[in-house]
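What follows is the residue order along each chain.
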Amino acid sequence: MRCNILLLAALGLTAAAPPPSGGFGRPATPAEIAAADIDVRADGAGLPPGHGSVAEGSALFASACAACHGDQGQKPLTGLLRLTGGRGTLATANPVQTVGSYWPYATTLFDYIRRAMPFPAPGSLSDDQVYALTAYVLRLNDIVPDGTELDAATLPKVRMPNRDGFVPNPDDAH
Amino acid sequence: MPDKADTGISRRRMLRRTGFALAGVSSAAPSARAAAADLPPWMLEQGAPVSENPYGVPSPFEKSVVRITGGKQPFPTSAHMLTPLQDLDGIITPNGLHYVRDHGGTPAIDPDRHRLLVHGMVDRPLSFGMDDLTRFPSVSRIHFLECSGNTPLYKSGKPDWSVQMTHGLVSCAEWTGVRLSDVLAEAGVQPGAAWMLAEGADAAALTRSIPVAKALDDAILAYAQNGERLRPEQGYPLRLLLPGYEGNTCVKWLRRLKLGDQPFQTREETSKYTSLMPDGIARQFNFTMEAKSVITRPSPGCGPKQPGFCEISGLAWSGHGRVVRVEVSTDGGAIWRDAALQDPVLPKCLTRFRLPWTWDGGPALLQSRTTDEKGEVQPTRERLLAARGTHYYYHYNAINTWRLAPGGEVTLAL
């Protein structure tokens, strides 16, 4: 069934009668695509130019993030999940799911901080600042050492501890 | 409760203002006929002007029928509200009572400034305004929408939790929109495009990766809900609707669709909306909401007031298609009887079931169990926990048990 749907789509057909083609919407300009195209994939596709270090991230985290996440990402406000700790707990009776123990890709950290953080002012950070915060949160989780500077080439190479901890739901395979 | 005396006074004042008060007929002296017949006050004067509410509102006597929040929500804009299932009838959720889950608050979007970008692995990247999108042929379909975190009972629950607390993150509406397959055909999906990123225009810029097969199957770009434009908290002016899929994938305030050859591994499909199994491995891309049902009456706060006839009524649904059967037990699962399914019975839609029952006044354990057209039977709590453990968090669909006490009080039993 799915193969048939994909085949029909490839041929430009759908099961229901399609409307006459052409004349819907307008061509998207390269500029508007570039402005909107902010997602970052696990292989690093979409990472922007720029760079940021653990040291820069540490200072920025204290002013922009610690009020909610705690100065070490360890003591969040009630209802928030910890950013750090929990390594080795996932198969225990009390799993603690954090960036360090659970997240499979470091690139997701960059993507999420850039699109949604800081919570009161999303979109207010420069790409350099997002690289720096990403580096600092990874440092807090002992995933990168002090002195680390991240950019589009190095961030995708960071291997997260739980990288192999996910399987597609067998009942929902696509 | 409204102040009836005030209401009456204000109406009489209004009548005087508009010149309709009749000289010599005092509202302070009920007529002999009114006194003899003991007529209610609302039969002794004109009601509210027809044009009083250009957008109508429920009776003031129904003001307790509202959405509520569940538990502590330290960030009011990343929070949810639950549908009062115990107070609703039929299968359609009124728009003001549809459940809500926002991750960055409800944006106030000007539809004239809202655009949808379709790009990535397509032949023709396109930008659509709302007027462009609504020119496509429209379809209207009735579907449930369920938050994957609905029914947070893997670990525990409280006896006094109402069905609103346990199951209120499911709602059902008639959604009107355009077929996503038509929109994607206009852009020309390229061979090899297997995943589609959907992005919202809220402060969270929420993103999910959707299989292209689903996008081309029955996905809708919805702009209307129960006949009117989407409510802001439902994604005004445009949302993705993926029938049967978990609510989080049905991205609200939809601004961008990007086709790609692999999932985009966003925060909402890695850190969240993944389910941890007892062996420490997590299941990812848990899309379809499984077969599920719940008795909405009797339920906590809505117990029978006396022994005797008591209709058992509830809702059943499945993201796999139609509900084909609902069975009800009043003794904790020893004996099951088939409930009647109220028409219409639609795929990926709430189905109302009913069973006439005579309560003998004794203790009872009320349960419902549904079967969908795929053959999936709603599991017992024991079976669900044995398969998934207690840290799975999402997609809880076990048989629910209400404990009915001899006095008529109903509580949640696990």
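Residues numbered from 1 in each chain as written. Chains lettered and ligands numbered in written order. Predicted model: local features only at pLDDT ≥ 70, side-chain atom pairs only at ≥ 80, totals over all residues. Heavy atoms only, no water.

*Asks:* How should a nonpolar patch on the surface be read in this particular structure?
*Replies:* All names here are of chain B. Taken together, Trp42, Met43 and Leu44 make up a surface patch of nonpolar side chains, about 380 Å² in accessible area. Summarising the element assignment, Met43 is placed in the loop between helix H2 (32–37) and strand E1 (79–81). On the accessibility criterion, Met43 (52% relative accessible area) is exposed. (Patch = residues over 30% accessible without salt bridge, like charges linked within 9 Å, V, L, I, M, F, W, Y side chains within 5 Å. Areas by Shrake-Rupley, 256 points an atom, 1.4 Å probe, with all protein chains shown as cover. Salt bridge = Lys/Arg side-chain N within 4 Å of Asp/Glu carboxyl O. Helix = DSSP H or I, 4+ residues; strand = E, 2+ residues; numbered from the N terminus. Buried < 20%, exposed > 50% of the residue type's maximum accessible area, 1.4 Å probe, protein only.)

*Asks:* Would you mind going over the pairing of strand E6 (residues 170–179) of chain B with me for this structure?
*Replies:* Each regular strand displays side chains that alternate between the two surfaces of the sheet. All names here are of chain B. With respect to burial, E6 is a largely interior element, nine of its 10 residues being buried. Examined bridge by bridge, strand E5 (residues 138–146) and E6 share nine bridges and lie antiparallel to one another. In the strand pairing of E6, Leu145 is matched with Ser171. Looking at chain direction, E6 and strand E9 (residues 220–225) are connected through five bridges and run antiparallel. Each bridged residue has a counterpart across the sheet, and for Thr176 the counterpart in E9 is Ala224. (Pairing = 2+ DSSP bridges.)

*Asks:* I would appreciate a short explanation of helix H6 (residues 127–140) of chain A in the present structure.
*Replies:* Note on helix geometry: an α-helix contains 3.6 residues per turn, so any two residues three or four positions apart are oriented the same way. All names here are of chain A. Between the first and last C-alpha of H6 there are 20 Å, a value that for 14 residues agrees with the 20 Å anticipated at 1.5 Å per step. For H6, the set of buried residues is Val130, Tyr131, Ala132, Leu133, Thr134, Ala135, Tyr136, Val137, Leu138 and Leu140. In the core, the buried residues of H6 are packed alongside strand E2 (51–53), helix H3 (54–64), helix H5 (106–116) and strand E3 (149–151). Asp142 sits one or two positions beyond H6 and adopts a positive phi of about 60°. (Expected span 1.5 Å × (residues − 1). Contact = heavy atoms within 4.5 Å.)

*Asks:* Before we go on, may I ask you to explain the sheet that holds strand E8 (residues 207–211) of chain B in this structure?
*Replies:* Hydrogen bonds between backbone atoms are what pair the strands of a sheet, whose relative direction is either parallel or antiparallel. One open sheet accounts for six strands, arranged E1(A)-E4(B)-E3(B)-E12(B)-E7(B)-E8(B); its pairing is mixed. Across the chains shown, the open sheet's two edge strands, defined by having one partner strand only, are strand E1 (26–27) of chain A together with E8 of chain B. Relative to strand E12 (residues 254–260) of chain B, strand E7 (residues 195–200) of chain B runs antiparallel, the two sharing six bridges. Each bridged residue has a counterpart across the sheet, and for Leu197 of chain B the counterpart in E12 of chain B is Lys258 of chain B.

*Asks:* What am I meant to see in the pattern of salt bridges here?
*Replies:* Applying the stated rule across the entire model yields 32 salt bridges over all chains. Of the charged contacts, one joins Asp218 of chain B and Lys214 of chain B as a salt bridge, the two residues approaching to 2.9 Å between their closest N and O atoms. Given the relative accessible area of 13%, Asp218 of chain B is considered buried. By relative accessible area, Lys214 of chain B is classed as buried at 5%. Taken together, the shared-partner salt bridges connect Asp37, Asp39, Asp111 and Arg115 of chain A together with Glu199, Arg255, Arg256 and Lys258 of chain B into one network.

*Asks:* Got a minute to help me understand the interface of chain A and chain B in this structure?
*Replies:* Many analyses report the size of an interface as the accessible area lost when the parts associate. Every contact between the two is made by 61 residues of chain A and, on the other side, 63 residues of chain B. The tally of links between chain A and chain B comes to six salt bridges. Of the charged contacts in the structure, one is a salt bridge between Arg115 of chain A and Glu199 of chain B, with a shortest N-O distance of 2.7 Å. The tally of links from chain A across to chain B stands at 20 residue pairs in polar contact (both at pLDDT 80 or more). Breaking the side of chain A that touches chain B down by element, the ones donating at least two residues are helix H1 (2–10), E1, helix H2 (30–36), H5 and strand E4 (166–168) of chain A. Class assignment of the residues belonging to the side of chain A that touches chain B gives a composition of 36 nonpolar, 14 polar and 11 charged. Looking at chain direction, E1 of chain A and strand E4 (residues 126–129) of chain B are connected through two bridges and run antiparallel. From the neighbouring strand, Arg26 of chain A faces E4 of chain B, where its bridge partner is Ser127 of chain B. (Polar contact = N/O pair within 3.5 Å; in protein donor to acceptor, adjacent residues only side chain to side chain. Nonpolar A, V, L, I, M, F, W, Y, C, P; charged D, E, K, R; others polar.)

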